[in-house]
Amino acid sequence: MSYQMPHQCPVCNHEMKISKLTCTYCSTKIEGEFSSCKFCRLPGEQLIFMEAFIKCRGNIKEVEKELSISYPTVRSRLDSVIEALGYGVDKEKDAENGKGNSSEESLRRQEILEALERGEISAQEATRQMRESNK
């Protein structure tokens, strides 16, 4: 049976290193301290998103269809992957395009849109909540 390697310590939440590699064919073993790749350290949900994103060749409309999520959700998930990989999301560019929000506002708007998408709230309720969050 094959298990996913944990990348964070279950005790202190710090990064874990790979310390032993074994050949599946001849059982050769190598010990040392090895790092995993950045993508390997992404949580499962982000890996699924990245797989769909690559499969759709980065076409956001296709990712929307593939994962049955809205455009803002695709953008939000892509931004979270970019940040998880250690890169900054270009907030200045978003601000120039009239999309500059604090991260707290952005998260709240995202939650509203996702609740609307799941059918938990009506379009009117989503509109009301969005207006309130802009005040």
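What you are looking at is a predicted structure, and each value in this text was computed from that prediction instead of being measured.

Parameters at a glance
- Residues numbered from 1 in each chain as written.
- Predicted model: local features only at pLDDT ≥ 70, side-chain atom pairs only at ≥ 80, totals over all residues.
- Heavy atoms only, no water.
- Helix = DSSP H or I, 4+ residues; strand = E, 2+ residues; numbered from the N terminus.
- Buried < 20%, exposed > 50% of the residue type's maximum accessible area, 1.4 Å probe, protein only.
- Contact = heavy atoms within 4.5 Å.
- Areas by Shrake-Rupley, 256 points an atom, 1.4 Å probe, with all protein chains shown as cover.
- Pairing = 2+ DSSP bridges.

Participant: Please clarify how the overall build of the chain should be interpreted in this entry.
Facilitator: The secondary structure content of the chain amounts to 6 helices and 2 strands. When the helices and strands of the chain are listed from N to C terminus, the series reads β-β-α-α-α-α-α-α. Looking at the chain residue by residue over its 135 residues, the buried ones come to 23%. Of all intrachain contacts in the chain linking residues separated by at least 6 positions in sequence, the fraction that spans at least 24 positions is 33%. Carbon and sulfur atoms form 52% of the exposed surface of the chain, whose accessible area is close to 10,400 Å².

Participant: What is the right way to read the pairing of strand β1 (residues 18-22) from this model?
Facilitator: Along a regular strand, successive side chains alternate from one face of the sheet to the other. Relative to strand β2 (residues 29-34), β1 runs antiparallel, the two sharing 4 bridges. Directly across from L21, in β2, lies its bridge partner I30. Connecting β1 to the next strand, β2, in antiparallel fashion are 6 residues, including S27 with a positive phi near 65 degrees.

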